[in-house]
Amino acid sequence: MQITLKTTDRPEQLRSGCLVLGVPARSALTGTAAAVDKATGGLVTQLRERGDLETALGKTLMLPVPAGLKAERLLLISLGEQEHACSDADFRKLVQATLSALGDARVADAHWLLPELTVADRDPAWQLQQLATLCVQKSYSYTATVSKPKPAFSLRKLSIDAGATSASALRAAIQRGVAIGNGINAARRLGDLPPNICTPSLLAKEARSLARAGARSGTAKAGTKGRAGSKLKVSVLDEKAMKELGMGALLAVAAGTAEPARLIVMEYSGGKRGQQPQVLVGKGITFDSGGISIKPGPKMDEMKFDMCGAASVIGTMTTVLELQLPINVVGIIAATENLPSGTATKPGDVVTSMSGQTIEILNTDAEGRLVLCDALTYASRFKPAAVIDIATLTGACVVALGKHASGLYSNQDDFAQELLEAGQRAGDRAWQMPLWDDYQKQLDSNFADMANIGGPSGGSITAACFLARFTRDYRWAHLDIAGTAWDEGAAKGATGRPVALLSEYLLAKAG
Ligand code: BES
Ligand code: MN
Ligand code: ZN
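About the criteria used
- Residues numbered from 1 in each chain as written.
- Chains lettered and ligands numbered in written order.
- Predicted model: local features only at pLDDT ≥ 70, side-chain atom pairs only at ≥ 80, totals over all residues.
- Heavy atoms only, no water.
- Helix = DSSP H or I, 4+ residues; strand = E, 2+ residues; numbered from the N terminus.
- Expected span 1.5 Å × (residues − 1).
- Buried < 20%, exposed > 50% of the residue type's maximum accessible area, 1.4 Å probe, protein only.
- Pairing = 2+ DSSP bridges.
- Axes fitted to C-alpha atoms, helices over the stretch in contact; angles between N-to-C directions.
- Salt bridge = Lys/Arg side-chain N within 4 Å of Asp/Glu carboxyl O.
- Donors = N, O, S within 2.8 Å, 3.2 Å for Na, K, Ca; no water.
- Tetrahedral: all angles 85-135°; square planar, octahedral: opposite > 155°, others 65-115°.
- Near = heavy atom within 4 Å.
- Polar contact = N/O pair within 3.5 Å; in protein donor to acceptor, adjacent residues only side chain to side chain.
- Areas by Shrake-Rupley, 256 points an atom, 1.4 Å probe, with all protein chains shown as cover.
- Nonpolar A, V, L, I, M, F, W, Y, C, P; charged D, E, K, R; others polar.
- Phe/Tyr/Trp six-rings, centres within 6.5 Å; stacked < 30°, edge-to-face > 60°.
- Lys NZ or Arg CZ within 6 Å of the ring centre and 35° of its normal.
- Domains from an automatic or database assignment.
- Contact = heavy atoms within 4.5 Å.
- Buried area = accessible area lost by both parts, 1.4 Å probe.

> Could you clarify how one ought to interpret helix α10 (residues 368-379) in this entry?
Residues lying three or four places apart along an α-helix face the same way, a consequence of the helix completing one turn every 3.6 residues. Taking 1.5 Å per residue as the helical rise, α10 with its 12 residues ought to reach 16 Å, and the 16 Å between its terminal C-alpha atoms agrees with that figure. Most of α10 is tucked away: 12 of the 12 residues are buried. Residues of α10 that are buried: G368, R369, L370, V371, L372, C373, D374, A375, L376, T377, Y378 and A379.

In structure tokens:
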């Protein structure tokens, strides 16, 4: 997908597969809209007045052979009743409706007249970044294991008229948007892969190949030889190394599967040497059967998505690398399967985590917190500026927030605020949940320092409380993405969330 800027006050002269024009429900046509209307002999006005273009925001009308224009098609898109200044959500809806209409008509190149649109409290750069991300997301299709994949999104080239705003700022916005879209799609691709392909070793391989790709682009950019190559270094710990580190909680989850566990460490150094890194820790359960506390059959296949936290770490790294952000970022992925077998961990087993704290495993299906607690202890060695873990952690979070917001917990309220705002900007929202001490006693155990489950009430909260016991010595936040990481039903598939939120946060850190 090639997205460029092109400004013109004579849109009727533009040669393109399709001219895209926003049309307000009632107010007078101005600027480029008026120019198109005039060139087509008042066609736009006529279609609006006759009701052929419905007035609800996002309704589209594709005109295949518009007389008076050099473009092959004209796509009208209704801006709705509120006229100008629409909301973030309205803007995204407009963009998605437009992209769908272009895709349905198999348009390969289009020119979009954007100046007729204002989004409340957002500048044109925000619009272009969003638009670019949505375009790239639309280009995603799953192909890995289907013989005849559905035709991919037809659009190859999009030029955008964004009015008379500074071109360099807008170009940078497009670049950011594309990079975020690529990160999202990388996460979706990994999330969608079947669990017999997407194993812990595959995740390690993907991380390594990202480092190699980074080396190639890094060298090309720097034009230098040798060490200048990649800013991304990847190392992978096997079970022996984990054992030496005392990662008894992570290894307890891995005990039931023949598939070897991996702790994947990705170190991106774009900032000054010694600058404290932002650390992302992803839950990478490549299949969660529940273990001995086995899950019921229906929808168990969806537990292939239990590595979407890990995928979001790789996806965000993809974005960071593409944008060469001037900060240090560490990605840590705790990857294993959770299966029952003769060697599997049993309810009642007590294990010792890397932190030295002991855990009574009362339910082997509460495995995410077990792999994360050791990864979070490991994160300390990077002297982090902040740590964010991302996990499809609890069904309870889906009950609480549904599939629209990720659950956010933090041991520092100002940090939570930063992440909430990043999510707002990105259209990838989170909602803060309480991490009060009141909930901690639900984790009491008679046989260990804590139990791995906190009973039926407040399940997402007690899971976060468990993690909080391993993150006391740094600035920490936890994103429970159990509801947001994938869609179900006909549109079943990974969403790539919360790559956009994380990328926005890191962009803000990069200044
Ligand atoms: N991966 C699941 C959480 C999950 C379930 C995410 C459904 C999305 C949809 C997690 O490992 C799990 O099984 N959690 C248990 C915890 C319980 C045993 C305390 C849960 O939510 O039921
Ligand atoms: Mn589980
Ligand atoms: Zn799980």
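And the narrative resumes.
> Looking at this model, I keep getting lost on the sheet that holds strand β4 (residues 74-78). Mind explaining?
Across a sheet, strands are paired by hydrogen bonds formed along the backbone, either parallel or antiparallel in direction. Strand order in the open sheet formed by 6 strands is β1-β6-β5-β2-β4-β3, with mixed pairing between adjacent strands. Among the strands making up the open sheet, the edge pair consists of β1 (2-5) and β3 (60-63). Averaged over neighbouring strand pairs, the angle between their axes works out to 20° when direction is ignored. Strand direction decides the pairing type here: β1 and strand β6 (residues 157-161), joined by 4 bridges, are parallel. The residue bridging L5 from the neighbouring strand is I160, located in β6.

> Whenever I open this one, the pattern of salt bridges confuses me. Can you help?
Working definition: two side chains of opposite charge can pair if their charged atoms are close together. Scanning all chains against the criterion turns up 20 salt bridges. For D88, the salt bridge identified is with R122, shortest N-O distance 2.8 Å. Placement of D88 in helix α3 (residues 88-104) and of R122 in the loop between β5 (109-113) and α4 (124-138) is noted, with a sequence separation of 34 residues between them. Overall, D88 belongs to the buried group, its relative accessible area being 15%. When the shortest N-O distance is used, the salt bridge between D306 and K283 registers 3.1 Å.

> I'm lost on the coordination of the zinc ion (ligand 3) in this one. Help?
Octahedral metal centres with six donors ideally show angles of 90 or 180 degrees, and tetrahedral centres with four donors ideally show 109.5 degrees. Surrounding the zinc ion (ligand 3) are the protein donor atoms K283 (NZ), D288 (OD), D306 (OD) and E367 (OE), which sit 2.0 to 2.4 Å from the metal. Classification of the site at the zinc ion (ligand 3) as octahedral follows from its 6 donor atoms and the range of 79 to 174° in their angles at the metal. A separation of 3.2 Å is found between the zinc ion (ligand 3) and the manganese ion (ligand 2), both of which receive a donor from D288. With a gap of 61 residues between them, D306 in the loop between β9 (278-288) and α9 (308-323) and E367 in the loop between β12 (358-360) and α10 connect regions that are remote in the sequence. Taking the relative accessible area as the measure of exposure, E367 reaches 1% and is therefore buried.

> Explanation requested: unusual backbone geometry in the structure shown.
Excluding glycine, residues mostly carry a negative phi; peptide bonds, for their part, are mostly trans. In this chain, R497 is followed by P498 through a cis amide linkage whose omega measures 0°. Inspection of the secondary structure puts P498 in the loop between β19 (493-494) and α14 (499-510). For R106, which is not a glycine, the phi torsion comes out positive at approximately 55°. Position of R106 relative to the elements: it lies in the loop between α3 and β5. With a relative accessible area of 46%, R106 lands in the partly exposed category. One non-glycine residue, K299, adopts positive backbone phi at about 65°. Using a relative accessible area of 48% as the deciding quantity, one classes K299 as partly exposed.

> Just checking my understanding: could you explain the site of ligand 1 for this structure?
Near ligand 1 lie 16 residues; those nearest to it are K295, D306, D365, E367 and G395. The contact in question runs from an oxygen atom of ligand 1 to an N or O atom on the side chain of K295, over 2.8 Å. Computed on the free molecule, ligand 1 has an accessible area of 510 Å², of which 76% lies beneath the protein chains in the complex. Residue composition of the shell around ligand 1, by class: 5 nonpolar, 4 polar and 7 charged.

> I keep staring at the environment of D444 and nothing clicks. Help me out?
Secondary-structure assignment places D444 in the loop between β15 (430-432) and β16 (450-451). Between the alpha carbons of D444 and P456 there is a distance of 14 Å; along the sequence they are 12 residues apart.

> Just to check I follow, could you spell out the packing of aromatic side chains for this structure?
When we look at a pair of aromatic rings, we describe it by the centre distance and by the angle of the planes. Counting across every chain of the model gives 6 aromatic pairs. Summarising the aromatic geometry, the rings of F305 and W486 are spaced 5.0 Å apart at their centres and angled 20° between planes, so their arrangement reads as stacked. One end of the pair, F305, is in the loop between β9 and α9; the other, W486, is in strand β18 (residues 486-487), and 181 residues separate them in sequence. On the accessibility criterion, W486 (7% relative accessible area) is buried. Aromatic pair F466 and F470: ring centres 5.3 Å apart, planes at 40°, arrangement tilted. For the pair F466 and F470, a shared accessibility class is recorded, and that class is buried. If you follow K403 out to its NZ or CZ, it ends over the ring of W486, 5.5 Å from the centre.

> Before we go on, may I ask you to explain the sheet that holds β12 in this structure?
The strand order β11-β12-β16 describes an open sheet built from 3 strands, whose pairing is mixed. Two strands close off the open sheet at either side, each with one partner strand: β11 (350-352) and β16. Of the pairings in the sheet, the one linking β11 to β12 comprises 3 bridges and is antiparallel in character. The partner of V351 across the bridge, within β12, is I359.

> Would you mind going over the coordination of the manganese ion (ligand 2) with me for this structure?
In this structure, D288 (OD), D365 (O), D365 (OD) and E367 (OE) serve as the protein donors to the manganese ion (ligand 2), at separations of 2.1 to 2.2 Å. For the manganese ion (ligand 2), the 6 donor atoms in the first shell make angles of 71 to 167° at the metal, so the coordination geometry reads as irregular. Spacing between the donor residues of the manganese ion (ligand 2) along the chain follows D-x76-D-x1-E.

> Explain the domain arrangement of the protein to me, please; I cannot follow it from the model alone.
Many descriptions give the size of an interface as the accessible area lost when the pieces come together. Domains assigned within the protein are domain 1 (2-165) and domain 2 (231-510). Spacing between the C-alpha centres of domain 1 and domain 2 amounts to 39 Å. Counting residues at the interface gives 7 residues for domain 1, matched by 7 residues for domain 2. Buried surface at the junction of domain 1 and domain 2, both sides included, amounts to about 400 Å², of which 29% is carbon and sulfur. Three residues, R92, R122 and Q129, lead the burial of domain 1 against domain 2; their summed loss comes to 58% of the area buried on that side. Here domain 1 is connected to domain 2 by 0 salt bridges.

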